[in-house]
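Report on the structure
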There are 2 protein chains.
Amino acid sequence: MKLSTKGRYAVMALADIAKFDDNNPVSLRDISLRQGISLLYLEQIFSMLKKNQIVESVRGSNGGYKLTKSPDQIKISNIFSAVQENIKTVGCKKESKKGCNGKSAKCITHNLWDELELHINEFFNKKNLSDLVKGKNENRV
Amino acid sequence: MKLSTKGRYAVMALADIAKFDDNNPVSLRDISLRQGISLLYLEQIFSMLKKNQIVESVRGSNGGYKLTKSPDQIKISNIFSAVQENIKTVGCKKESKKGCNGKSAKCITHNLWDELELHINEFFNKKNLSDLVKGKNENRV
DNA sequence: TCTAAACTTGACTATTTTACTATGGTATAT
DNA sequence: ATATACCATAGTAAAATAGTCAAGTTTAGA
Ligand code: FES
Ligand code: FES
């Protein structure tokens, strides 16, 4: 069970904007250099973030991206759902009545994984971007 | 971010033993049939569970596996560490001083992912096998 | 004693997912 | 003009997952 780079980079990049934004758009090139993330990969991620109104873009020279809301209004769960970093703990289709083994009932562990998913989502709902920027101390990049 | 079958099956199989065990060993064949898990895959998983003293084996005809402890003493975290279903949320090496981007300091999101890992482990430490078996009602397999 | 059930081990492989890269654009400040 | 930066789609190498295969050993019971 691991977090993929897509979600990790998305949060990292947005935290970077939140930190360096002085109301000017921040270019992906700068984020790429500061955070050490591939520029082309960032473009892909930001296309999703834009589609989901997490950021807005400014095209052309001196352009870049800005947050659409203040950092404390952007929850990790919003970011993750935008880039489709979704957590899946159950083995079955949620909507289906069938279990993960193809049988007609949900398996013996189904409820446990469901609770786990809830537990994790709780964390993502409670954390937002400003939680990351507040703690900007010397020990971080 | 998803839970892999290895961990899911391990818990499912052990819950099966906890449920059907009347002090006789339970064969992998039976578990395979009841839970719809590949027998060969189960063998692989149980080899790890045995090495870590979660189960003990009885060889030969009418053999199978038994839990080494009572279900309420077997935590999900014990099972997961046995089958190496480990959760990894950070992008960097925990022990290293370097960040996930190869830079000399931990990245801006590092603490967040670390907290997440703690939060998830808390869940696995608090749940045990008996939590699964207690709730054996008609709606489950 | 024979045999079938069941555990044991290690190597091997197909599939899927992840983590990008490549290409070829369009828009705009200077 | 032109450099900078966003935009979009397709492709691909590497890693992880989810198994399978082969060749055993052990032991209960007929
Ligand atoms: S996880 Fe939902 S039925 Fe097994
Ligand atoms: S996750 Fe640890 S440094 Fe980025």
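Below, the structure is looked at part by part. (Residues numbered from 1 in each chain as written. Chains lettered and ligands numbered in written order. Predicted model: local features only at pLDDT ≥ 70, side-chain atom pairs only at ≥ 80, totals over all residues. Heavy atoms only, no water.)

1. Describing the relation of the copies chain A and chain B
The two copies are related by a screw operation: chain A maps onto chain B through 180 degrees of rotation and 0.0 Å of translation along the axis, at an RMSD of 0.0 Å. Within this description, the copies of the chain are treated as partners about a two-fold rotation axis. Here 100% of the interface residues in chain A have copies in chain B that are interface residues too; the copies meet face to matching face. (Least-squares fit on C-alpha atoms with pLDDT ≥ 70 in both. Contact = heavy atoms within 4.5 Å.)

2. Overview of the interface of chain A and chain B
Many analyses report the size of an interface as the accessible area lost when the parts associate. With 44 residues of chain A at the contact, the number on the chain B side is 44 residues. Three residues stand out in chain A for area buried against chain B, namely Met-1, Ile-108 and His-119 of chain A, and they jointly supply 20% of the buried area on that side. At the junction of chain A with chain B, the criterion picks out 2 salt bridges. For Glu-115 of chain A, the salt bridge is made with Lys-127 of chain B, and the minimal N-O distance between the two is 2.7 Å. When contributions to the side of chain A that touches chain B are tallied by element, the ones reaching two or more residues are helix H1 (5–20), helix H2 (28–35), helix H4 (76–82) and helix H5 (110–126) of chain A. Among the elements that line the side of chain A that touches chain B, the one with the most residues is H5 of chain A, at 10 residues. Taken together, the residues of the side of chain A that touches chain B sort by class into 22 nonpolar, 10 polar and 12 charged. (Buried area = accessible area lost by both parts, 1.4 Å probe. Salt bridge = Lys/Arg side-chain N within 4 Å of Asp/Glu carboxyl O. Helix = DSSP H or I, 4+ residues; strand = E, 2+ residues; numbered from the N terminus. Nonpolar A, V, L, I, M, F, W, Y, C, P; charged D, E, K, R; others polar.)

3. Examining the side chain of Thr-109 of chain B
Positionally, Thr-109 of chain B belongs in the loop between helix H4 (76–82) and helix H5 (110–126). The buried category is assigned to Thr-109 of chain B, whose relative accessible area is 0%. The contact partners of Thr-109 of chain B, leaving out residues within four places of it in the chain, are Val-11, Met-12 and Leu-132 of chain A. (Buried < 20%, exposed > 50% of the residue type's maximum accessible area, 1.4 Å probe, protein only.)

Treat this as a map of the structure, not an account of what it does.
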